[in-house]
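Residue-level structure breakdown
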Amino acid sequence: IAVGVVAALGISLWGGSAMAQGDSYTIKFGNVISAGDTQNQGYALFADLVKERSDGRIKVQVYPDSQLGGEREMIEATQFGDIEMTAPSVGVLANFDKSLEVFDFPFIFEDAETAYKVLDSELGDEMLAGLQNSGLIALGWGENGFRNLAMVKGTVKTPDEMKGIKLRTMQVPMHIAYWRSIGAAPTPMPFPEVFTSLQQGVVDGVENPYELLYSAKFTEPAHYLTETRHIYDPEVILISKDFFEGLSAEDQKIIQGAADEMVAKIRSLKATISDEIRAKIVAAGGTVTDLTDAERQQWIDSAIPFYKENASKVDTEKLKAILE
Ligand code: EAX
């Protein structure tokens, strides 16, 4: 999303700044991701670029590791301007803007390249722009990645084996509906509660990209992993709308430009991290199981009843456009 798009979205770049040209200020950027993970490497680049290009006037203070709370809480805090920025999973954000629910359909993207085609299209831009109605400006699509299963008691290979399994999910209605549709017992909770829930046996498993499973230490209790790649999870880089619109045009350009570079960096880091972390999980004693083609097909087929039930409940035009 270039500055041109920001302008096209009708954001006033020139008038009525609450923040005068040349002011110094701090942007608080909260996230649940571990410090040092690829996302936070991207956020750190963003902070550096913004500082450098504003000659030190604009400081971005990143708070990783759920220091400022869970994702829903931080989205609300950003809406109200208690913090300026956050970058939640798209599914959690879909609670605030239902048009994003189309990304919560399992197996909709086969690989990241296909996902990028959609995210970087007019459709993707439109979805980001729609967040203005929720008091948020989306600076771009971040990336969490493909989500895989991690179980405590043993490997799950087929969707049938999910019957009765208590699986921690995000607080995402479409995810909950899918897992329920295959007979699992989805247990939604915010990210900061997951580790303890796994340890205490409140849930039997969790699903997340390898990088987060590992850095959040979920793979210690849940070390039976299966590469299901059931959901591609883009994150959205958000900044408070009131705050952003109060900035000078110059500062808006600095922030948007740095965000564009952050997104590019995150994508390039994500291209290899999954395999690197997978190897680390195995080295640490975890079991990682690939699906055979036939098993993968069983997973894809398992989602058909869910699609039938839910395709008409979401933004059907957008869903169709993505599927095409
Ligand atoms: O956005 O809650 C989750 O499982 C997410 O993957 C995490 O918060 C990163």
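What you see is a predicted model, and the numbers here were worked out from it, not measured in a lab. (Residues numbered from 1 in each chain as written. Predicted model: local features only at pLDDT ≥ 70, side-chain atom pairs only at ≥ 80, totals over all residues. Heavy atoms only, no water.)

With that settled, consider the site of the ligand. As a structural note, the neighbourhood of the ligand is formed by Val32, Ile33, Glu71, Ser89, Asn144, Arg147, Arg168, Met170, Phe191, Asn208, Leu212 and Glu235. Here an oxygen atom of the ligand and a side-chain polar atom of Glu71 are 2.8 Å apart. The side chain of Asn208 places a nitrogen or oxygen atom 2.6 Å from an oxygen atom of the ligand. Surface burial for the ligand is 99%, taken as the share of its 260 Å² of free accessible area covered by protein chains. Taken together, the residues of the shell around the ligand break down into 5 nonpolar, 3 polar and 4 charged. (Near = heavy atom within 4 Å. Polar contact = N/O pair within 3.5 Å; in protein donor to acceptor, adjacent residues only side chain to side chain. Areas by Shrake-Rupley, 256 points an atom, 1.4 Å probe, with all protein chains shown as cover. Nonpolar A, V, L, I, M, F, W, Y, C, P; charged D, E, K, R; others polar.)

Quick look at the packing of aromatic side chains now. Taken as a whole, this structure holds 14 aromatic pairs when the rule is applied. Residues Tyr25 and Phe243 carry aromatic rings whose centres are separated by 5.8 Å and whose planes lie at 75° to one another, so their mutual orientation is edge-to-face. One end of the pair, Tyr25, is in strand E1 (residues 25–30); the other, Phe243, is in helix H10 (residues 241–245), with 218 residues separating them in the sequence. Comparing Tyr25 with Phe243 shows no difference in burial state: the two are buried. Measuring from ring centre to ring centre gives 6.0 Å for Phe306 and Tyr307, while their planes differ by 90°; the resulting arrangement is edge-to-face. Pair check on accessibility: Phe306 and Tyr307 agree, each one buried. Three or more aromatic residues joined by ring pairs form one cluster here, namely Phe105, Tyr178, Trp179, Trp299, Phe306 and Tyr307. Between Arg229 and the ring centre of Phe146, over which it is positioned, the NZ or CZ distance is 3.9 Å. (Phe/Tyr/Trp six-rings, centres within 6.5 Å; stacked < 30°, edge-to-face > 60°. Helix = DSSP H or I, 4+ residues; strand = E, 2+ residues; numbered from the N terminus. Buried < 20%, exposed > 50% of the residue type's maximum accessible area, 1.4 Å probe, protein only. Lys NZ or Arg CZ within 6 Å of the ring centre and 35° of its normal.)

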